Amino acid sequence: MDRLCLCSILHSAPVKNFSGSSYIFYRSNGNWYNWKKSRTICERSGYNLVSIESREEWNFLNHTIQKENTIEYFIGLWKDPSTGVWRWLSDNSTVDASNKGDWPWAKGQPNDGNGELSCAEMYRDYLDNFGRYNDVSCTSRLSQAGFICEFKGGGVSCKVN
């Protein structure tokens, strides 16, 4: 499946370009997705769930999702079960989870939910946690969640006839 095919699957999902990458913002639209299924959809098209590697990229994504109706988006952040360290899918770099409530985590996050919360989402706005991260189950389906796919090397556009 190529990127054009993903565009067809996601229909009217907005595509934005930033700093050499293309992003598809898939809205929930009442569909039930989980982190693993979202990752699979992105990967089958040559994309990945977004890995947020700079404050500028986070600002761009946060600004973009604030204009959407979807309240949470799966992102490419997961907790390595062997080490308990949070890592980005794109380059395996780590994210500090020791200062709960500090950027980029929402207040009180990650809270680990008895060891079952090993994937992450980005809130549009939840209790004034604009653009902050929350740990979630990788397999629990959420009716309010969308996901963000990223293609590095950018310049991709989705034109569906």
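Remember, it's a predicted structure, so these values are computed and weren't measured experimentally. (Residues numbered from 1 in each chain as written. Predicted model: local features only at pLDDT ≥ 70, side-chain atom pairs only at ≥ 80, totals over all residues. Heavy atoms only, no water.)

> Describe the pairing of strand 7 (residues 119-123), with residues and values.
A regular strand places its side chains so that they alternate between the two faces of the sheet. Burial of strand 7 is extensive: five of the five residues sit out of reach of the surface. Neither face of strand 7 is left uncovered, since the one carrying C119, E121 and Y123 and the one carrying A120 and M122 both have all their residues buried. Relative to strand 7, strand 4 (residues 72-79) runs antiparallel, the two sharing five bridges. By the bridge assignment for strand 7, W78 is matched with C119. Relative to strand 8 (residues 133-136), strand 7 runs antiparallel, the two being bridged by four bridges. (Buried < 20%, exposed > 50% of the residue type's maximum accessible area, 1.4 Å probe, protein only. Helix = DSSP H or I, 4+ residues; strand = E, 2+ residues; numbered from the N terminus. Pairing = 2+ DSSP bridges.)

> Go over the environment of A97 with me, naming the residues and quoting the values.
Take A97: it is sitting in the loop between strand 6 (94-95) and strand 7. For A97, a relative accessible area of 18% translates into the label buried. Distance in space between the C-alpha atoms of A97 and Q109 is 8.0 Å, their sequence separation being twelve residues. Leave out the neighbours within four places in its chain, and A97 touches W86, W105 and P110. (Contact = heavy atoms within 4.5 Å.)

> Could you give an account of unusual backbone geometry, with specific residues and numbers?
The omega torsion of the bond from Q109 to P110 falls at -5 degrees, within 30 degrees of zero and hence cis. Backbone geometry at S19 places phi at a positive 45 degrees, although glycine is not the residue there. Residue position: S19 is located in the loop between strand 1 (15-18) and strand 2 (21-26). Its relative accessible area of 66% is what places S19 among the exposed residues. One non-glycine residue with positive phi stands out, namely L127, at about 55 degrees. Checked against the element boundaries, L127 lands in the loop between strand 7 and strand 8.

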